[in-house]
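Observations on the model geometry
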Amino acid sequence: MTTYFNNKNGNAYEILARYFDDVMLLKSKGGNYIVARWINNGEWGSGHYWMNNKEGAIDDFFKTAYEEYKYNHAWEEQMTIEEFKKFYEEY
């Protein structure tokens, strides 16, 4: 099942991966990949964009999501980025 993020600008982006409402990996209808951060009310606060570079976007998604994970769990023992990727990919 495909899920979409409907931006307030009227565009729909396919959601490829999501770390809560903190980080999303999106794909536009034109084939661009976007790592969006700080999602709120149909908008995102910042993002990184690639033209046809899915591997780069996936890598940035994991790096960005892992940084958010570390920030949100600063008071407890944290998994490595490799453990984070493995855990995330299981779900």
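An account of the accompanying structure is given in this report. Quick caveat, the model's predicted, so the values are computed rather than measured.

Considerations on the overall build of the chain
Within the chain one finds two helices and five strands. Along the chain, helices and strands appear, N-terminal first, in the series β-β-β-β-β-α-α. For 91 residues, the compact-globule estimate of 2.2 N^0.38 gives 12 Å, and the C-alpha radius of gyration of the chain, at 13 Å, lies within 12% of that figure. Structurally, the chain occupies a C-alpha span of about 40 × 25 × 25 Å along its principal axes. Buried positions account for 36% of the 91 residues belonging to the chain. Carbon together with sulfur atoms contributes 48% to the accessible area of the chain, which is approximately 6,100 Å² in total. Both charge centroids of the chain, one from 10 positive and one from 15 negative side chains, sit 7 Å from each other.

Some words on the pattern of salt bridges
For the structure on display, the rule yields four salt bridges. E68 is the partner of R37 in a salt bridge, and the nearest nitrogen-oxygen pair spans 3.2 Å. With R37 in strand 4 (residues 32-40) and E68 in helix 1 (residues 54-72), this pair connects stretches of sequence that are 31 residues apart. The shortest N-O distance in the salt bridge between K70 and E67 comes to 3.4 Å. Taken together, the residues K70 and E67, both in helix 1 and three residues apart, mark about one turn of the helix. In this structure K70 comes out as partly exposed when scored by relative accessible area, which is 27%. For E67, a relative accessible area of 45% gives the class partly exposed.

Details of the sheet that holds strand 2 (residues 12-19)
If you trace the five strands from one edge of the open sheet to the other, you get 1-2-3-4-5, paired in antiparallel fashion. The sheet is open, and its two edges are formed by strand 1 (4-6) and strand 5 (43-51), each paired on a single side. Strand-to-strand twist across the sheet, computed as the mean angle between neighbouring axes with direction ignored, equals 35°. Sheet topology note: the strand 1/strand 2 ladder contains three bridges and is antiparallel. Residue pairing in the sheet places Y4 in a bridge with E14 of strand 2.

Thoughts on the pairing of strand 3 (residues 23-27)
With four of five residues buried, strand 3 lies mostly within the body of the structure. Here strand 2 hands over to strand 3 after three residues, with F20 in that stretch at a positive phi of 50°. Of the pairings in the sheet, the one linking strand 3 to strand 4 comprises five bridges and is antiparallel in character. Its bridge partner being in strand 4, K27 is matched across the sheet by Y33.

Description of helix 1
Between its terminal C-alpha atoms helix 1 stretches 27 Å, which fits the 27 Å expected from 19 residues at 1.5 Å a residue. If you follow the buried residues of helix 1, they end up packed against strand 2, strand 3, strand 4, strand 5 and helix 2 (81-89).

Reading guide: rules and limits
Throughout this description, residue numbers start from 1 for each chain and increase along the sequence as written. Where totals are concerned, whole chains, interfaces and linings use all residues; where local detail is concerned, this predicted model gives features only for residues with pLDDT of at least 70, and gives and counts side-chain atom pairs only at 80 or more. The basis for the side-chain values is all heavy atoms of the structure; hydrogens and waters are excluded. Helical segments are the DSSP runs of H or I of at least four residues, strand segments are the runs of E of at least two, and each set is numbered from the N terminus. The atom set for the radius of gyration is the C-alpha atoms, and the globule formula is 2.2 Å times the number of residues raised to the power 0.38. Each residue gets one of three labels from its accessible area relative to the maximum for its type: buried under 20%, exposed over 50%, partly exposed in between, using a 1.4 Å probe on protein chains only. Each accessible area value is a Shrake-Rupley result obtained with a 1.4 Å probe; residue values ignore everything except the protein chains displayed when judging cover. All tallies of charge rest on Lys and Arg as positive and Asp and Glu as negative; His and the ends of each chain are not included. The atom standing in for a charge is NZ when the residue is Lys, CZ when it is Arg, CG when it is Asp and CD when it is Glu. Salt bridge criterion: a side-chain nitrogen from Lys or Arg within 4 Å of a carboxyl oxygen from Asp or Glu. Two strands pair if DSSP finds at least two bridges between them. Convention adopted: a line fitted to C-alpha atoms gives each axis, helices being fitted over their contacting stretch, and angles between N-to-C directions are expressed from 0 to 180 degrees. Multiplying 1.5 Å by the helix residue count minus one yields the expected span of that helix. The contact criterion used is simple: two residues touch if any of their non-hydrogen atoms lie within 4.5 Å.

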